[in-house]
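# Inside the fold
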Amino acid sequence: MYEWQRQIQQIVDEIDQCIDNYNDEALTLRRLSRKMGYSEFYTTRKFKEISGMPFRDYLRQRKLAFALKEVRDNEKSFLEIAFDYGFSSHEAFTRAFKRMYGVAPSEYRKKPRPVVLRTKINPFDRYFLGLGEIGMVKSTEDIKTYFVTIPDHKFLHIKNNQSNGYWDFWEKQSQIPGQDCDTISGLLDSIKGKLDDDGGTKTDSSSGQAMAYISDPEGRLCDWGFLRSECYGVRLPADYQGEVPEQMRMIDVPEAEYLVFEHGPFDYEQENRSVEEEVEKAMASFDFSDTDYQYDTIPGRVIYFYHDPERFWKYVRPVAKK
């Protein structure tokens, strides 16, 4: 039933790999269709049906997303960038860039600002499709716990005080103009200087982005026993002076101590739910008796949640002296 989602996911993965390697010759509908064993017409129709947009539009927008980061982050000539991403000339690249982002490459390089990039789609997500885990693989890695002091920083985010969990959060945000997952992730992806970014110019366009929970008297009572609002955003340096998108908010987060619960790399398809259970259990059963600390849930405190199967599942929870 979900074979087409899986095959479109393979196309999406290959598109990003080819763009990242400047292999434009491999990015043809004919080649990708033949690789799947279907006609170009049928592949195009199924791609649009599953992804919500035509194949050629997606390909062009992903190329421009990669190209924008080259414009933003290095001094390569616009002609070189144009050829690297399959544009026939400097002029053709400039027209496409301005049509997509409302600003010419030369202007953007001088003064970068948040724009909505086309992030990588993931049509085959076992949890989104309701398939859950496959096989019987269970994580056996211990949860690492450690205290850290995090310097003051800013947190750029959107917020919902009634949602309950990641999927519910984005379902509710999608009802608010300009706050759907694609738009927000695309805006955050375009911002340079994210503190948790491990390489956002590559295929993982969500790098540096995190779910967060803010202790909030107007929030929803959560399973952890306090009122909180759910958020999604990025941490930025304390001296960040960039533009704040109109549909987002920025707060200052002072230096504080945190307790980290971290699970290492895991297989998303086979271990996601079991890893979640392990981390939740570790947080619920943590013994503070031999420490001078306790969880800090005063209004305004922020809990960060990082979900990156290739690196970790991690909660960063604020603590205070008893």
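Residues numbered from 1 in each chain as written. Predicted model: local features only at pLDDT ≥ 70, side-chain atom pairs only at ≥ 80, totals over all residues. Heavy atoms only, no water.

### Remarks on the packing of aromatic side chains
Following the criterion strictly, the structure yields 24 aromatic pairs and no others. Aromatic pair Phe-155 and Tyr-304: ring centres 5.4 Å apart, planes at 80 degrees, arrangement edge-to-face. With Phe-155 in strand E2 (residues 153-160) and Tyr-304 in strand E8 (residues 302-308), the pair connects residues that are 149 residues apart, well separated along the chain. Comparing Phe-155 with Tyr-304 shows no difference in burial state: the two are buried. For the ring pair Phe-261 and Phe-286, a centre distance of 5.7 Å and an interplane angle of 90 degrees mean the geometry is edge-to-face. With Phe-261 in strand E6 (residues 256-263) and Phe-286 in the loop between helix H10 (268-285) and strand E7 (293-295), the pair connects residues that are 25 residues apart, well separated along the chain. Its relative accessible area of 22% is what places Phe-286 among the partly exposed residues. (Phe/Tyr/Trp six-rings, centres within 6.5 Å; stacked < 30°, edge-to-face > 60°. Helix = DSSP H or I, 4+ residues; strand = E, 2+ residues; numbered from the N terminus. Buried < 20%, exposed > 50% of the residue type's maximum accessible area, 1.4 Å probe, protein only.)

### Here we look at the confidence of the model for the protein chain
Counting all residues, the mean pLDDT for the protein chain is 85, and 89% of those residues have values of 70 or more. Across residues 124-139 the pLDDT falls below 50, and counting only partners more than four positions away or on other chains, this stretch makes 45 contacts in the model. With pLDDT under 50 throughout, residues 199-205 is counted as low confidence; its partners more than four residues away or in other chains account for 20 contacts. (pLDDT = per-residue confidence, 0-100. Contact = heavy atoms within 4.5 Å.)

### Examining the pairing of E8
Among the 7 residues that make up E8, 6 are buried, leaving the element largely enclosed by the rest of the structure. By the bridge criterion, 4 bridges tie strand E3 (residues 209-221) to E8 in an arrangement that is antiparallel. For Met-211, the partnering residue across the bridge sits in E8 and is Phe-305. Note that E8 and strand E9 (residues 312-321) share 5 bridges and pair antiparallel. From the neighbouring strand, Tyr-306 faces E9, where its bridge partner is Lys-314. (Pairing = 2+ DSSP bridges.)

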